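Reading the structure
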Amino acid sequence: MQTSSLKIGLFAIGLEAYWAQFDGLKDRLEGYLGEVHQKIADLHPGVVNTGLVDTIDKAFDAGKTFRRQDVDIIFLYVSTYALSSMVLPVVQHAKVPVIILNLAPEAAIDYTSFNASTDRTKMTGEWLAFCSACPVPEIANVFNRVGTSFHQVTGMLHNDPHCWKEVSEWVAAARVANIMRFNRMGCMGHYYSGMLDIYTDLTQQYASFGGHIELLEVEQLATLRKQVTATEMQERLAVFNDNFDVQPDCAAADLEKAAITSVALDKLVEQHQLGSMAYYYRGTGNPENEEAISSIILGNSLLTARGIPVAGEYEIKNAQAMKIMDSFGAGGSFTEYYAMDFTDDVVLMGHDGPGHIAIAEGKTKVRPLKVFHGKVGSGVSVEMSVKNGPVTLLSVVEKRGGGLLLLVAEGASVPGAILEIGNTNSRYKFPIGARRFVNDWNSHGPAHHCAIGLGHIAAKIKKLGALLELDVVQVC
């Protein structure tokens, strides 16, 4: 997975007027803030904690600190009642997404012990340590009226796995948003002519995800291939044997071409600091270009496995989806419908070209193909299935009239017969059944490609969508 430069802002709120009135309340709340800090830091290092904000001056200072430190997201820990005027300057200055942590210290106040006290000042101080819910409507009201986007986690500081799972999902989503913000995608070649669904507005990709898109020529790869030494080629062949189950009918000449291209791809990626790539090229009429493209599958599979996902057919939107899935640690293999099996109620899905071999069921086979169907050339290709177990599908969908949405489904990769044709392909079962899944998925107008990753991570993707202000639709 790609490393992230994510910085998390954290502050708590309180009311300065309380501290002289209620002995020990401030120290207690600062102790709770310390626990929140540690729990978040355990999820991701790099927490910028501005402490307990209890005055307007501290609010402005906290906002300046967050902006100076370039935080990506702010967690606002509501420890007790506080004025909304001490919250707004912080988030307005920082201008990043805000997650309100409405966390009680325990499940409930000990009413018997509380009401047995004869010191009503102490009783009020104890209540104030539990009244985090009190100012949240006030804060939400103000955020809505000034146009500040916010999200909430409501629960307990202690003994609340559900609450802290939500927090961990927000941290994971922020980390992925940060990776996408700085990701450099290479686009090599051109669109598959006539495949209209994959055409996309590159500026819209910038608007939604950030990052940078580098337009590359196939000639760059062909030139780098000429610089690969015999030693580098032999070393890459050894890498192939370590990572793949190379079938005995693969021609040595085809494997050597693939090894040369793989080394050249690594150099291309390093040269442009790429974190993902989309490619397609006919290559007809130019033997060097044709050889580069027809020998690209194994190298691209290795890149995908080490966190630089590569999408074929110049499917830029799906390269974004694959990058998102991989950044969540789920993988993200390039796929499309292959066939439907109504007997077993599964959808067969796969694709020719590179696969995410790090999420394969067993070792990925390398097979020779006399033709790459619908494409130029011949050579070696990969055959794999995604690991059996829960999976998530993701598609970046270009909406009618512009803009993007994230389309998600959860299902399972299940064992059974696949098509042994030298392509990636798997059997997927969905809780709503194959027939309804296909109809519902298609109804949202995605391109015919999607990314498949391990685990059920729709909740994380929804939070990513919230941070990026993209609609998210979950089919199942």
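Residues numbered from 1 in each chain as written. Predicted model: local features only at pLDDT ≥ 70, side-chain atom pairs only at ≥ 80, totals over all residues. Heavy atoms only, no water.

**Brief notes about the pairing of strand E16 (residues 404-414)**
- Most of E16 is tucked away, with nine of its eleven residues classed as buried.
- With ten bridges joining them, strand E15 (residues 389-398) and E16 adopt antiparallel strand pairing. If you follow Val396 over to E16, its bridge partner there is Leu406.
- The turn linking E15 back onto E16 is made up of five residues, and Gly401 within it adopts a positive phi angle of 85°.
- Here four bridges tie E16 to strand E19 (residues 471-474), and the two strands are oriented parallel to one another. Residue pairing for E19: Leu407 is matched across the bridge by Val473.
- Pairing of E16 with strand E17 (residues 424-429), which is carried by three bridges, proceeds in the antiparallel orientation. Residue pairing in the sheet places Ala412 in a bridge with Lys429 of E17. (Buried < 20%, exposed > 50% of the residue type's maximum accessible area, 1.4 Å probe, protein only. Helix = DSSP H or I, 4+ residues; strand = E, 2+ residues; numbered from the N terminus. Pairing = 2+ DSSP bridges.)

**What about the sheet that holds strand E4 (residues 98-104)?**
- The five strands are arranged E2-E1-E3-E4-E5 in an open sheet whose pairing can be described as parallel. Two strands lie at the open edges of the sheet, namely strand E2 (47-53) and strand E5 (150-156), each paired on one side alone. Pairs of neighbouring strands in the sheet enclose a mean axial angle of 20°, with direction left out of account.
- Helix H2 (residues 25-43) contacts strand E1 (8-13), E2, strand E3 (73-78) and E4 of the sheet and is inclined by roughly 165° relative to E2. (Axes fitted to C-alpha atoms, helices over the stretch in contact; angles between N-to-C directions. Contact = heavy atoms within 4.5 Å.)

**Notes on the packing of aromatic side chains**
- The tally for this structure, following the rule as stated, stands at ten aromatic pairs.
- A centroid spacing of 4.8 Å and a plane angle of 85° characterise the contact between Tyr191 and Tyr314, whose relative ring orientation is edge-to-face. Of this pair, Tyr191 sits in the loop between strand E6 (184-189) and helix H9 (202-209) while Tyr314 sits in the loop between strand E10 (310-311) and helix H15 (316-327), and the two are 123 residues apart along the sequence.
- Where Phe430 meets Phe437, the ring centres are 3.7 Å apart and the plane angle is 10°; that geometry is what we call stacked. By the burial criterion, Phe430 is buried, and Phe437 matches it.
- Among the aromatic side chains, those forming a connected cluster through ring pairs are Tyr18, Trp19 and Phe22.
- Across from the ring centre of Trp164, 5.1 Å away, lies the NZ or CZ of Lys39, which sits over that ring.
- Sitting over the ring of Trp170, Lys463 keeps its end group 5.5 Å from the ring centre. (Phe/Tyr/Trp six-rings, centres within 6.5 Å; stacked < 30°, edge-to-face > 60°. Lys NZ or Arg CZ within 6 Å of the ring centre and 35° of its normal.)

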